[in-house]
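# Examination of the molecular architecture
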Amino acid sequence: MKRLALIATVLLTGCGPMGLYYKPGVSLNAIERDEVACTLKAEREVPVRNVSRVIPGEWVPGRKVCPRKGKCHVTPGYMTPSRVVTEDANLGLRNRVAALCMQDRGYSRINLPPCPREVAQSVPSAVTTEMPKRLSPRACVIRHGGGAFQVVNRE
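Residues numbered from 1 in each chain as written. Predicted model: local features only at pLDDT ≥ 70, side-chain atom pairs only at ≥ 80, totals over all residues. Heavy atoms only, no water.

With that out of the way, let us pick up the packing of helix 2 (residues 28-45) against helix 3 (residues 91-104). Close contact between helix 2 and helix 3 brings their axes to 8 Å; oriented N to C, the two are set at 135°. Between helix 2 and helix 3, the interaxial angle falls into the category oblique. Helix 3 is crossed by helix 2, and the crossing has right-handed handedness. Contacts between helix 2 and helix 3 involve Ile 31, Asp 34, Glu 35, Cys 38, Thr 39, Lys 41, Ala 42, Glu 43 and Glu 45 from the former and Arg 94, Val 97, Ala 98, Cys 101 and Met 102 from the latter. Taken together, the residues that form the contact of helix 2 with helix 3 break down as 7 nonpolar, 1 polar and 6 charged. (Axes fitted to C-alpha atoms, helices over the stretch in contact; angles between N-to-C directions. Helix = DSSP H or I, 4+ residues; strand = E, 2+ residues; numbered from the N terminus. Parallel < 35°, antiparallel > 145°, perpendicular 65-115°, else oblique. Left-handed = near helix turned anticlockwise from the far one by under 90°. Contact = heavy atoms within 4.5 Å. Nonpolar A, V, L, I, M, F, W, Y, C, P; charged D, E, K, R; others polar.)

Shown next, in the form of structure tokens:
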């Protein structure tokens, strides 16, 4: 069952909107360089601050088990083990600092919906290496393997 859920999650991640940074006419290489620079800036300004907390175990009460008629027994109750969870308390702030850095460099964070099948089949297959100078309100994206994608401006 867990494997089926994992497969479904992997398949569905390619079906939803694609979030990316947009700046008219800028190459994807330049966007990646700026994103790395902003991530490094955010890591310098807001370092990792790991915080651990203990999630206590829970009491599971015993229960009456009757495998055969008249032959019942009671299983003993038990405590589940406690868990220690470690989280980076600065992660949210660090992500906001990186996003503000990208905004300061002129980028907008956009979500492009996947192109409908008929659009994907009607346009010549290509890989976007430079953002369009203008995005139409109905722009969409075709995902190719290996992280490559194609932005399609639909009128």
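Attention now moves to the packing of aromatic side chains. Counted according to the given criterion, the structure contains 1 aromatic pair. Pairing Tyr 21 with Tyr 107 gives two aromatic rings, centres 6.3 Å apart and planes at 70°, and the pair type is edge-to-face. Here Tyr 21 is found in strand 1 (residues 18-22), whereas its partner Tyr 107 is found in the loop between helix 3 and strand 8 (108-112), with 86 residues between them in sequence. Neither Tyr 21 nor Tyr 107 differs from the other in exposure class; each is buried. Taking the ring centre of Tyr 107 as reference, the NZ or CZ of Lys 23 above it sits at 5.2 Å. Over the aromatic face of Tyr 21 sits the side chain of Arg 109, whose NZ or CZ is 4.7 Å from the ring centroid. (Phe/Tyr/Trp six-rings, centres within 6.5 Å; stacked < 30°, edge-to-face > 60°. Buried < 20%, exposed > 50% of the residue type's maximum accessible area, 1.4 Å probe, protein only. Lys NZ or Arg CZ within 6 Å of the ring centre and 35° of its normal.)

It is worth spelling out the pattern of salt bridges at this point. All chains considered together, the criterion is met by 5 salt bridges. Here Arg 94 ties to Asp 88 by a salt bridge, and the two come within 2.1 Å at their closest N and O atoms. A residue is classified by how much of its surface remains accessible, and Arg 94, at 10% relative accessible area, is buried. (Salt bridge = Lys/Arg side-chain N within 4 Å of Asp/Glu carboxyl O.)

So, about helix 3. The terminal C-alpha atoms of helix 3 lie 20 Å apart, and with 14 residues this matches the ideal 20 Å at 1.5 Å per residue to within 8%. For helix 3, the set of buried residues is Arg 94, Val 97, Ala 98, Cys 101 and Met 102. In an axial view of helix 3, the angular spread of the buried residues amounts to 140°, which keeps them on one side of the axis. Looking at helix 3, the residues exposed on the side facing more than 90 degrees away from the buried face are Arg 96, Gln 103 and Asp 104. Against the buried residues of helix 3 lie strand 1, helix 2 and strand 7 (83-88). (Expected span 1.5 Å × (residues − 1). Arc of directions from axis to C-beta.)

Let us look at the confidence of the model for the chain. Caution is warranted with low-pLDDT regions, since their predicted coordinates should not be read in detail. Per-residue pLDDT for the chain has a mean of 89; in total, 91% of the residues score no lower than 70. Per-residue pLDDT, averaged within each element of the chain, yields its smallest value for helix 1 (residues 2-13) (43) and its largest for helix 3 (98). (pLDDT = per-residue confidence, 0-100.)

This paragraph deals with the state of the cysteines. This model, assessed by the stated rule, comprises 3 disulfides. Sulfur-sulfur distance for the disulfide between Cys 38 and Cys 101 comes to 2.1 Å. Taking the torsion about the S-S bond as the criterion, the Cys 38 to Cys 101 disulfide, at about -70°, is left-handed. In this pair, Cys 38 sits in helix 2 while Cys 101 sits in helix 3, placing the two residues 63 residues apart along the sequence. There is a disulfide in this structure between Cys 115 and Cys 140, and the S-S distance comes to 2.0 Å. Between Cys 115 and Cys 140, the S-S torsion sits near 90°, and that sign places the bridge as right-handed. Taken together, the residues span a long stretch of sequence, with Cys 115 in the loop between strand 8 and helix 4 (117-122) and Cys 140 in strand 9 (residues 140-143) at a distance of 25 residues. The exposure class of Cys 140 is buried, given its relative accessible area of 0%. Sequence-ordered numbering of the bonded cysteines in the chain yields a pairing of 1-4, 2-3, 5-6. (Disulfide = S-S within 2.5 Å.)

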